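Close look at the chain arrangement
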Amino acid sequence: MHELGIAASILESVQSEALRHPGGRITKVGVKIGELCGVDRDALQFGFEVLVKDTEWEPVVLDLEYIPRVQRCSKCAHQFRMTDFDPQCPQCGEFLTDCIGGEELDIAYMEVDE
Amino acid sequence: MNRIEVEKKVLNENQILAEQLRERYRQLGVLCINLISAPGSGKTALLERTLERMDKGSRVAVLTGDLQTENDAKRLAKFGFPVKQITTGGTCHLDAKMIGKHLEDWKLEDLDLLIVENVGNLVCPSSYDLGEDAKIVLLSTSEGEDKPLKYPSIFLKSELMLLTKIDLLPYVPFNADVARENARRVHPQMEIIDVSSTTGEGLDRWMEWLRARQERAKAKLQTATVPH
Ligand SMILES: Nc1nc2c(ncn2[C@@H]2O[C@H](COP(=O)(O)OP(=O)(O)OP(=O)(O)O)[C@@H](O)[C@H]2O)c(=O)[nH]1
Ligand SMILES: [Mg+2]
Ligand SMILES: [Zn+2]
């Protein structure tokens, strides 16, 4: 259970962004959660809500965007959404394909009321 | 309302510290490996056998993480190499800051190999880069073959999987072929070595892997310092 620590890191980013908008208010923070990043979205949402409750950050909405796993074929460069852990390239049949998406744990955007 | 594109890692602070560590290791030709597994899969036992096989003058050191207790460090200190326990006091993973702090009174330039034993946990350590050259995941035969599918993140991020406790194969309902296949479904390029810390089986291959990786770290150092 490290979602609370992740929630705290998100809140720190919100706080440092807020410093750059004196007089403004952060209303929303968007976070990309890759299928493979090892973070449970419900637990993170819950952890964030617990963290901001009864603080000045309570109005900040956490918007989690799920990013599925995408592979790129090492032979033909075809990109495909990986399902059921099947790494095979649907275009050419190659098994050696590289993960190029789905590991994200990134802050994507914030919304500020100036 | 104003939308600001941020595009930075949630664990940006950790990432920055990890990159600094990585750069220091690279400049000094130190190989750093990060061992990760569920609790009790045999990380400390493997390190006992590993240190035991090292030449006396080997420049190796170990940082071992646990929620509580100094037990693992005590087990490993017997071999005469520098060992330090990192007790996280409840945090379920090591982070780059803890590594940096515990390296403060060691001279990195005196090391060729730094081994980090992470806290026993298959989920959280996978999110925290420690600046290591390679993550190594251990899966023991007393766990389920489907672990790689249940915890894909760490199996994807690890270069090498050690299938541990293979001496138990005759006694446990564990299908090693299925386990290896599952690991490769998650991570097609995964290297896999079967080991037993009890019988010593597979340890030569593991030591050879380590040696090859250390040579690679040194070779990079040489190409980087050759004057033009
Ligand atoms: N049969 C057998 N038992 C093993 C082997 N390796 C470790 N064990 C046993 O498994 C138990 C746990 O081993 P540890 O090395 O402490 O495991 P660990 O991964 O360091 O555990 P934590 O640090 O608590 O996460 C101990 O009782 C070991 O004796 C092995 O190769 N074969
Ligand atoms: Mg241990
Ligand atoms: Zn292809």
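Structure report, in brief. (Residues numbered from 1 in each chain as written. Chains lettered and ligands numbered in written order. Predicted model: local features only at pLDDT ≥ 70, side-chain atom pairs only at ≥ 80, totals over all residues. Heavy atoms only, no water.)

**What about the coordination of the zinc ion (ligand 3)?**
Residue and element names in this part refer to chain A. Cut-off, in case you're wondering: Here the term donor refers to an N, O or S atom within 2.8 Å of the metal (or 3.2 Å for Na, K and Ca), and because water is left out of the atoms, sites may appear incomplete. Metal sites are grouped by the angles between bound donors: all angles between 85 and 135 degrees with four donors is tetrahedral, opposite donors over 155 degrees apart with the others between 65 and 115 is square planar for four donors and octahedral for six, and any other pattern is irregular. Only runs of H or I of at least four residues qualify as helices and only runs of E of at least two qualify as strands under DSSP, and these elements are numbered from the N terminus. Classification of residues uses two cut-offs on accessible area relative to the type maximum, computed with a 1.4 Å probe and protein chains only: under 20% is buried, over 50% is exposed, and between them is partly exposed.
Each protein donor to the zinc ion (ligand 3) is listed here as C73 (SG), C76 (SG), C89 (SG) and C92 (SG); together their distances run 2.3 Å. Each of the 4 donor atoms around the zinc ion (ligand 3) contributes to a set of angles spanning 105 to 114°, which defines the coordination as tetrahedral. Each donor residue of the zinc ion (ligand 3) lies on the same chain, and together they follow the pattern C-x2-C-x12-C-x2-C. With C76 in the loop between β3 (70-73) and β4 (79-81) and C89 in the loop between β4 and β5 (97-101), the pair connects residues that are 13 residues apart, well separated along the chain. Owing to a relative accessible area of 32%, C76 belongs among the partly exposed residues under this scheme.

**Some remarks on the sheet that holds strand β6 (residues 105-113) of chain A**
Using the following cut-off: For two strands to count as paired, DSSP must find a minimum of two bridges between them. Angles shown run from 0 to 180 degrees and are taken between the N-to-C directions of axes, each axis being a line fitted to C-alpha atoms and, for helices, limited to the stretch in contact.
Pairing in this open sheet of 4 strands is mixed, and the strands run β2(A)-β1(A)-β6(A)-β1(B) from one edge to the other. Every other strand in the sheet has two partners, leaving β2 (61-67) of chain A together with β1 (2-9) of chain B as the edge strands with one partner each. Going from strand to strand, the sheet's axes swing by 20° on average, the running direction of each strand aside. As paired elements, β6 of chain A and β1 of chain B share 6 bridges and run antiparallel to each other. Across the sheet, D106 of chain A pairs through a bridge with K9 of chain B, a residue of β1 of chain B.

**Examining helix α1 (residues 3-19) of chain A**
Keep this limit in mind: Expected span of a helix: the number of residues minus one, times 1.5 Å. Whether two residues are in contact is decided by their heavy atoms: any pair within 4.5 Å suffices.
With 17 residues, α1 of chain A should reach 24 Å at 1.5 Å per residue; the first-to-last C-alpha distance of 25 Å fits that figure. Where α1 of chain A is buried, its residues touch β1 (25-34), α2 (41-52), β2 and β6 of chain A together with β1 of chain B.

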